Every structure is written in structure tokens, then in C-alpha cells.
Amino acid sequence: VQLQASGGGLVQAGGSLRLSCSASGHTFSRYALGWFRQAPGKERELVATISWSGGSTYYTNSVKGRFTISRANADNTIYLQMNSLTPEDTAVYYCAAARSVLAIAVAEEWKYEYWGQGTLVTVSS
């Protein structure tokens, strides 16, 4: 699976951005997908994941109620709608794919085999 993330940019605190990740190369619908981020000087962390069916999602606590992950299997694309952004959300955001037979959101980073190149989100105060 090849993944291409886009949609990052500079936004003021309280603003919104929508990230997109397009996939190609394999049957997109057989993969759980996730968004991860890495802030300067910090380890990469899970942000949100979604099952191959789209029916199960998982969010890290810091983004619950502000971010929404979704997918459009027909378009081989996943999205991350980010609202009420804060400077603490500044990071490079990566999309990733994990093979998954079960229709669950995969929360273990080690299960993600394929990674996009990342898109930078900068939130100014």
C-alpha cells in the first residue's frame, strides 16, 4: 500500500484543518487505517484509527471531541477533521495502514506496516 498524506498547514489556535490520505496499491478496504503524529523532540504517538469497515474508531484522549477520523473506501481515502486546534497539536502527521481481518480500530502502532510521508501541521498561538 502506498499512502500520500496532504492537507497540513499553518493555522491559528482555535482553527480547523482537514487532513487527507490517499492510498493505492492494494485493496484499501482490507486495511485498518490510522493517523499518528510526531511533535518536535517527542516520540510519535497515535492520534486516531478507524477499522476497515469504518464502523469502529479510536481516539487518543487529547483529541477526543475535537478530531474526527473517517474513510471513503470507494475513493481509497481517509480523512482527519481537526477542530479547536491548539499549539500542542503542532506536529508532523502521518497516515498508516494495518492489515486487519477484524472490523476493529487498530490501536497498536507496531501493527501498522505501511506509512505515508507525513504532512506538517503548525498551530500558532
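Quick note: structure is the one above.
Residues numbered from 1 in each chain as written. Predicted model: local features only at pLDDT ≥ 70, side-chain atom pairs only at ≥ 80, totals over all residues. Heavy atoms only, no water.

A.B. asks: How do you make sense of the state of the cysteines when you look at a structure like this?
C.D. replies: Working definition: the covalent bond between the sulfur atoms of two cysteines is a disulfide. The final tally for this structure, using the stated rule, is one disulfide. Each sulfur in the disulfide pair Cys21 and Cys95 lies 2.1 Å from the other. Because the sign of the S-S torsion sets the handedness, a value of about 65° for the bond joining Cys21 and Cys95 places this disulfide among the right-handed ones. Taken as a pair, Cys21 in strand S3 (residues 17–24) and Cys95 in strand S9 (residues 91–99) lie far apart in primary sequence, 74 residues in all. When sorted by exposure, Cys21 lands in the same class as Cys95, which is buried. (Disulfide = S-S within 2.5 Å. Helix = DSSP H or I, 4+ residues; strand = E, 2+ residues; numbered from the N terminus. Buried < 20%, exposed > 50% of the residue type's maximum accessible area, 1.4 Å probe, protein only.)

A.B. asks: So what exactly am I meant to see when it comes to the sheet that holds strand S8 (residues 77–82) here?
C.D. replies: Working definition: the strands of a sheet are paired by backbone hydrogen bonds and lie parallel or antiparallel to each other. With antiparallel pairing, four strands are arranged side by side in an open sheet as S1-S3-S8-S7. Strands at the two margins of the open sheet, each flanked by one partner only, are strand S1 (2–6) and strand S7 (67–72). Strand-to-strand twist across the sheet, computed as the mean angle between neighbouring axes with direction ignored, equals 15°. Strand direction decides the pairing type here: S1 and S3, joined by five bridges, are antiparallel. Residue pairing across strands places Leu3 opposite Ala23, the latter belonging to S3. (Pairing = 2+ DSSP bridges. Axes fitted to C-alpha atoms, helices over the stretch in contact; angles between N-to-C directions.)

A.B. asks: Help me understand unusual backbone geometry, please; the structure alone is not making it clear to me.
C.D. replies: The phi angle of most residues is negative, glycine excepted, and most peptide bonds adopt the trans form. Phi angles above zero are rare outside glycine, and Asn76 is one such case at about 55°. Among the structural elements, Asn76 can be located in the loop between S7 and S8.

A.B. asks: Help me understand the pattern of salt bridges in this model?
C.D. replies: Note that side chains of opposite charge can pair when their charged atoms are close. Per the counting criterion, the structure on display carries six salt bridges. Of the charged contacts, one joins Glu113 and Arg99 as a salt bridge, the two residues approaching to 2.6 Å between their closest N and O atoms. In this pair, Glu113 is assigned in the loop between S9 and strand S10 (114–115) and Arg99 in strand S9, connecting sequence segments 14 residues apart. Where Glu108 meets Lys111, a salt bridge forms, and the shortest distance between an N and an O atom there is 3.6 Å. (Salt bridge = Lys/Arg side-chain N within 4 Å of Asp/Glu carboxyl O.)

A.B. asks: Mind showing me how you'd approach the pairing of strand S5 (residues 45–50) here?
C.D. replies: Regular strands have side chains that alternate between both faces of the sheet. Burial runs high along S5: five of the six residues are buried. Both strand S4 (residues 31–38) and S5 contribute to a ladder of five bridges, which runs antiparallel. What sits directly across from Phe36, in S5, is Leu46. Of the pairings in the sheet, the one linking S5 to strand S6 (residues 57–59) comprises three bridges and is antiparallel in character. Across the sheet, Ile50 pairs through a bridge with Thr57, a residue of S6. Taking the residues that link successive antiparallel strands as the turn, the S5-S6 hairpin has six residues, and the phi of Gly54 there is positive, at about 85°.

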